[in-house]
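One-letter residues, chain by chain:
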Amino acid sequence: MSTKTDTTYDIVVFGATSFVGQILTTYLFESYGVGRDVHWAIAGRSESKLGSLKQSLGKKAGELPVIVADASDESSLKAMCEQTRVVISTVGPYALYGEPLVKVCAETGTDYCDLTGEVQWIRKMVETYEDTAKASGARIVHCCGFDSIPSDMGVWFLQQQAEATFGAPCQDVRMRVKVAKGEFSGGTVASMMNVAKEAAADPKLRKELANPFSICPPEHRSKTRQPSLKGAEYDRDFGVWLAPFVMGAINTRIVHRSNALQNARYGKEFTYDEAMMTGRGMKGRLAAYAITGALGGFFTASAFKPSRWVVEKFVPKPGEGPSPEAQKNGFYDLRFVGKTADGKTIKTKVTGDRDPGYGSTGKMLGEAGMSLAFDVDGDKQGGFWTPSSLLDGKLYERLTSKAGLTFEVLETS
Ligand SMILES: NC(=O)c1ccc[n+]([C@@H]2O[C@H](COP(=O)([O-])OP(=O)(O)OC[C@H]3O[C@@H](n4cnc5c(N)ncnc54)[C@H](OP(=O)(O)O)[C@@H]3O)[C@@H](O)[C@H]2O)c1
């Protein structure tokens, strides 16, 4: 439990009117009701939009409390944080709007989780506010959506199974996306374009983004060379062609930070990478080259002003995203292969029952917030954590019993 006592709410959802915030709010409302065991409120900058959201939930949401706060107004954020033990934030791009809230949470001892995948921003937050969060007791957990819970908890699960079966963790782990059926929302595209724009203007940032240990504490920056798929490649473990996976850039950093925060539980020489399976034979090979080219084109075009407006014309705008039907019909299937230092192998699988970026992300973020509010021991100190290093088995229980995720061992040899 949080070190804070006597707050009105357990959880406040800040950014409840965002595309993903509405999914999260609906999930919490349908799962936990209002004013029952969980005391929670919705918050955002527009009282009228918050009112419309409540109306869309129906009569029973009449009692759901509303807090008006603006991401750029520290005093309104402080007033919000004083009322709650945990804030879940979906106000992004976080690199543009997120810092004042992290600062206020760190100062007021308020536990916090979010959906950022912006590695350069996470690093800045850790460097600037870790001491403050340690002093106040605030536990800050970034990346509680599709990036990076399935990867982070997927590796956590694989290593638990490896330890139980082989008596040792796997030194090398690879994650391959077999299926990820879903679409991007305007908010996510805006965040990705902002990273491309910032990186194009700043060589130091480009170097930082290329460093797999950029958000690990300095003493945990391993010298072990990390695999990094830059183009189409054939994968012998799964017998398929691979293309780069866009979320790998953040997921790999979170997995390494989890290893570091657990005192190198996966080993000091641990390696990890992610890629997308594109299929077998010539079809798979062509698809791998096509995806590699399209990704490169998107980031190059987003980086520079003359071409950025063309991209903006064709991608969803902030506030837009997949339809409820597309969320319901979406799903994902991730495969992991781990190898121990003495050559033993384990293959595992993680699935989610909604589209990765929204339907499933809303549920994962909600359960990460619930876990932060109700599962975390008081002896877990303040600071910047990762989902698996702070919430571990308790989050696993919630993900599998409530949020539609499955974790499975496929084979060991
Ligand atoms: N990690 C993942 O897997 C994952 C998945 C999905 C989304 N995301 C990230 O989550 C974030 C939200 O995505 P989205 O698609 O839901 O975005 P969105 O619909 O564009 O929502 C952005 C939200 O920010 C709010 N906002 C902007 N400026 C504000 C201010 N000054 N004060 C208070 N609120 C402010 C907006 O408020 P109004 O509603 O009043 O306009 C809106 O609610 C993005 O950063 C996205 O990259 C991550």
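The shown structure was predicted, so the numbers you read here are calculated from the model rather than taken from an experiment.

Visitor: Even after reading the chapter, I still don't get the sheet that holds strand S3 (residues 66-68), so can you show me in this structure?
Guide: Strands pair in a sheet through their backbones, by hydrogen bonds, and they do so in one of two ways: parallel or antiparallel. On the basis of which strands lie adjacent, the open sheet formed by 7 strands has the order S3-S2-S1-S4-S5-S6-S13 and parallel pairing. Looking at the sheet topology across the chains shown, the edges are occupied by S3 and strand S13 (383-385). Each neighbouring strand pair of the sheet contributes to a mean axis angle of 20 degrees, computed without reference to strand direction. The pairing of strand S1 (residues 9-14) with strand S4 (residues 84-89) spans 5 bridges and is parallel. Within S4, the position partnered with Tyr9 by the bridge is Thr84. Where helix H3 (residues 74-81) meets the sheet, it contacts S1, strand S2 (40-44), S3 and S4, and its direction lies at approximately 125 degrees from that of S4. Where helix H6 (residues 119-136) meets the sheet, its contacts fall on strand S5 (111-114), strand S6 (139-141) and S13, and the angle it forms with S13 comes to roughly 135 degrees.

Visitor: Hey, could you run me through the pairing of S5 in this one?
Guide: Across a regular strand the side chains alternate sides, sitting on one face of the sheet and then on the other. Burial along S5 is two-sided: the residues Asp111 and Cys113 and Tyr112 and Asp114 are all buried. Here S4 pairs with S5 via 4 bridges, running parallel. Its bridge partner being in S5, Val87 is matched across the sheet by Tyr112. For S5 and S6, the ladder comprises 2 bridges, and the chain directions are parallel. Bridging across to S6, Cys113 finds its partner in Val141. Crossover S5 to S6 through H6 is right-handed.

Visitor: Got a minute to help me understand the pattern of salt bridges in this structure?
Guide: Two side chains with opposite charge may pair up if their charged atoms get near one another. Under the definition given, this model contains 21 salt bridges. Between Lys103 and Glu74 there is a salt bridge; the shortest N-O distance is 2.9 Å. One end of the pair, Lys103, is in helix H5 (residues 99-108); the other, Glu74, is in helix H3, and 29 residues separate them in sequence. Overall, Glu74 belongs to the partly exposed group, its relative accessible area being 35%. Residue Arg174 is joined to Asp273 by a salt bridge in which the shortest nitrogen-to-oxygen separation is 3.7 Å. Residue Arg174 is located in strand S7 (residues 172-181), and its partner Asp273 is located in strand S10 (residues 271-279); the two are separated by 99 residues in the primary sequence. What makes Arg174 buried here is its relative accessible area of 18%. Of the residues examined, Asp273 reaches a relative accessible area of 5% and is grouped as buried. A cluster of three or more residues bridged by salt bridges with shared partners is formed by Arg174, Arg176, Asp235 and Asp273.

Analysis parameters
Residues numbered from 1 in each chain as written. Predicted model: local features only at pLDDT ≥ 70, side-chain atom pairs only at ≥ 80, totals over all residues. Heavy atoms only, no water. Pairing = 2+ DSSP bridges. Helix = DSSP H or I, 4+ residues; strand = E, 2+ residues; numbered from the N terminus. Axes fitted to C-alpha atoms, helices over the stretch in contact; angles between N-to-C directions. Contact = heavy atoms within 4.5 Å. Buried < 20%, exposed > 50% of the residue type's maximum accessible area, 1.4 Å probe, protein only. Right-handed = clockwise from strand over helix to strand, strands pointing away. Salt bridge = Lys/Arg side-chain N within 4 Å of Asp/Glu carboxyl O.

Function cannot be read off these values alone, since they describe shape.
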